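# Structural overview for review
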Amino acid sequence: MTKTVPKELLPVLNKPLIDYIIEELIEAEVNQIGIVTSSKKPLIKEYLTSLTQPHTLLSKYPSVDLQFIYQETPNGLGNAILEAKEFVDNSPFIVCLPDDLVFHHISAVKQLQNKYKSLQHSLVGVVPVPTDKTSNYGIVKPHNRLEEVSFTAEYFVEKPIPENAPSNLAVIGRYLFTSEVMDLLDKYSGLVPDDDLLTKAKNELAQESSVSALRISGTRIDAGSALGITQAAIHELSRQPEEWGQINSFLSLSLIHISEPTRRYAISYAVICLKK
């Protein structure tokens with residue numbers, strides 16, 4: 001499916017992934033949105049800017065400035081963020097990855113904004129993950145007490161094996177950076193492996209005690225796979241009593257012939273970085 005339709009346009013129920021992020025940013029009063037993408041994904045721009053079929057949400061907020069920033073070489077998240085340096089100028093900015101969905105009455109972006117008001121330095125959103133899954137994520141080493149809601153980061157390590165992980169707190173696709181991170185990305189781009197560039201910049205910020213981690217409240221779903229899309233759809237349906245009742249009835253009927261062992265396992269600126 002993603003060979004013809006970009007992953008960011010895959011729907012969770014009747015709403016594409018990209019819409020969840022746009023909605024989250026607009027609700028947080030972010031009105032300058034840059035989308036870092038590839039020219040090989042024209043459907044995304046067409047969907048968001050079509051004159052014949054105006055975007056339902058964006059058409060209600062004409063003050064939102066939506067810009068497309070093209071990164072033709074898929075060389076890591078750090079370089080994708082760096083492509084937006086001119087767009088954000090010297091302003092603090094949000095970074096969102098569309099395949100990370102967070103469901104909560106206070107959005108992940110808003111949680112970061114609220115904490116930034118007191119800290120006034122860069123923040124990364126983190127969630128706890130099972131210890132045996134740390135090799136799938138960037139992991140943060142807390143400088144102080146692990147159980148705090150927010151804490152200064154001592155350092156970050158990319159995808160450590162469980163025995164080497166400094167914690168089980170994984171960085172997710174919600175960041176709030178000051179412009180200082182752009183200078184660091186620019187400084188190290190081409191000098192470190194592309195996939196390590198953002199981690200290098202975050203670690204330099206950590207050495208200066210200029211980056212904190214914030215435990216994001218809510219239900220976080222990795223929507224980068226078919227399973228994740230399905231989980232997100234089920235979560236959305238669970239918040240709609242009538243539809244959820246129908247789904248429960250369907251599942252009960254569908255599972256009646258399945259054996260019991262099988263059933264048991266059954267700010268003002270933002271940059272949205274789209275994977276290539």
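Residues numbered from 1 in each chain as written. Predicted model: local features only at pLDDT ≥ 70, side-chain atom pairs only at ≥ 80, totals over all residues. Heavy atoms only, no water.

This paragraph deals with the nonpolar core. Across soluble globular proteins, you tend to see nonpolar side chains buried next to one another. Within the largest apolar cluster, 38 residues are counted, with the highest numbers of intra-cluster contacts made by Ile22, Leu25, Ile33 and Ile272. When neighbours within four sequence positions are excluded, isoleucine 272 is seen to be in contact with Ile18, Ile21, Ile22, Leu25, Ile33, Gly34, Ile35, Val36, Cys96 and Pro98. Grouped together as the second largest cluster of nonpolar side chains are 36 residues, Ile81, Val88, Val171 and Tyr188 included. (Core = buried A, V, L, I, M, F, W, Y, C linked by side-chain atoms within 4.5 Å. Buried < 20%, exposed > 50% of the residue type's maximum accessible area, 1.4 Å probe, protein only. Contact = heavy atoms within 4.5 Å.)

Turning our attention to the pairing of strand β3 (residues 32-37). Two faces make up the sheet, and in a regular strand the side chains alternate between them. In terms of burial, β3 is largely enclosed, as 5 of its 6 residues are buried. Relative to strand β4 (residues 65-70), β3 runs parallel, the two sharing 6 bridges. By the bridge assignment, valine 36 is partnered in β4 with isoleucine 69. Relative to strand β13 (residues 269-273), β3 is paired through 5 bridges, and the arrangement is parallel. Across the sheet, glutamine 32 pairs through a bridge with tyrosine 269, a residue of β13. (Helix = DSSP H or I, 4+ residues; strand = E, 2+ residues; numbered from the N terminus. Pairing = 2+ DSSP bridges.)

Let's shift gears to unusual backbone geometry. A positive phi is found at glutamate 29, a non-glycine position, where the angle reads about 65 degrees. Within the element layout of this structure, glutamate 29 appears in the loop between α1 (17-27) and β3. The backbone phi angle of glutamine 120 is positive, close to 60 degrees, even though this residue is not glycine. Considering the arrangement of structural elements, one finds glutamine 120 in the loop between α5 (108-119) and β7 (122-128).

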